[in-house]
Structures are given as C-alpha cells and as structure tokens.
Amino acid sequence: MSSPIIDTLDRIPPFLCIALAKQLNDMSVDSIADMANCNRRTVSRLAGMVSWADVKLSVIIQVASACKVDLMNPEDTLARFRSLPPEKRWTRLSLPQYERVLDKFRELSESK
C-alpha cells in the first residue's frame, strides 16, 4: 500500500524525472549523478524505476534537485516539457524509455 506522499511524488516517477532532465536541461546520467552527489549506477537504476517507493528520501531530494524537477508541483516541469518543439521532446531517450514516458503521460492525461 502506498502512502499519499509517494502518490504525490510518483506523478513524476524516477524514470520520468531522469528523462525530463535529459530533455529539458540537456543532462547526461553522469552530470545528474555529479550534481546529485551520488554514483552513476544509482541514477541508471532510477532511470528504470516506476516509483519512488523504494528510494531513500535523501536520494529522492538530491536527484530531483539535480534534475531541476519539482516533484511536489510537477505541473510547471511538465508545462516546460510540453513547450519544447515536438521534434526535440524525445531525442535523447531509448525506445524503452520513450514507451514508458508515453505510458505515463497517457496515464496523467486520463486522470485529469
């Protein structure tokens, strides 16, 4: 059973947080890891996770801050993403990442 805080954070799950940092801020996994003061493997693992539920709070805060994503107010970040020209939105994602992001955006748009 998830908590209300995890439900709030999961509006932008780890994989989407990393994907948005790559697209909006032109960041690599290495640059995110450096800014978050954690190792590359941690960021790579987060890029494949669909929930923050099993992530330490300190890591959540560090990674979200490094990615310049406000997990408590995702609307601003998502609006910045939507303002990108369509051809620039997905250029740095692998196909599995792209499919997960599309699924999450569909889920978010259906919940409104």
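First, a word on what this report is: a plain description of the structure on this page.

Calculation rules
- Residues numbered from 1 in each chain as written.
- Predicted model: local features only at pLDDT ≥ 70, side-chain atom pairs only at ≥ 80, totals over all residues.
- Heavy atoms only, no water.
- Core = buried A, V, L, I, M, F, W, Y, C linked by side-chain atoms within 4.5 Å.
- Buried < 20%, exposed > 50% of the residue type's maximum accessible area, 1.4 Å probe, protein only.
- Helix = DSSP H or I, 4+ residues; strand = E, 2+ residues; numbered from the N terminus.
- Axes fitted to C-alpha atoms, helices over the stretch in contact; angles between N-to-C directions.
- Parallel < 35°, antiparallel > 145°, perpendicular 65-115°, else oblique.
- Left-handed = near helix turned anticlockwise from the far one by under 90°.
- Contact = heavy atoms within 4.5 Å.
- Nonpolar A, V, L, I, M, F, W, Y, C, P; charged D, E, K, R; others polar.

**Here we look at the nonpolar core**
And then number 1: Judged by nonpolar contacts, the single largest core of 34 residues is most densely connected at Ile12, Leu20, Ile32, Trp52, Val63, Cys67 and Leu71.
And then number 2: Ranked by the residues each element gives to this core, the list is headed by helix H2 (residues 14-25), at 8 residues.

**What about the packing of H2 against helix H5 (residues 57-67)?**
Packed helices, taken two at a time, are described by their axes: the angle between them and the distance between them.
And then number 1: The N-to-C vectors of H2 and H5 enclose an angle of 20°; their axes lie 9 Å apart at closest approach. Regarding the angle of H2 to H5, the classification is roughly parallel. Note that H2 runs across H5; the crossing there is left-handed. Facing Cys17, Ile18, Ala21 and Asn25 of H2, the residues of H5 in contact are Val63, Ala64 and Cys67.
And then number 2: Across the contact of H2 with H5, the residue classes tally to 6 nonpolar, 1 polar and no charged.

**Points about the side chain of threonine 77**
And then number 1: Along the polypeptide, threonine 77 turns up in helix H6 (residues 74-82).
And then number 2: Residue threonine 77 is classed as buried on the basis of its relative accessible area of 4%.
And then number 3: Apart from the residues lying within four places of it in its own chain, the contact partners of threonine 77 are Ile12, Leu20, Leu24, Lys68, Val69 and Asp70.

Read these as layout, nothing more, since geometry by itself doesn't imply function.
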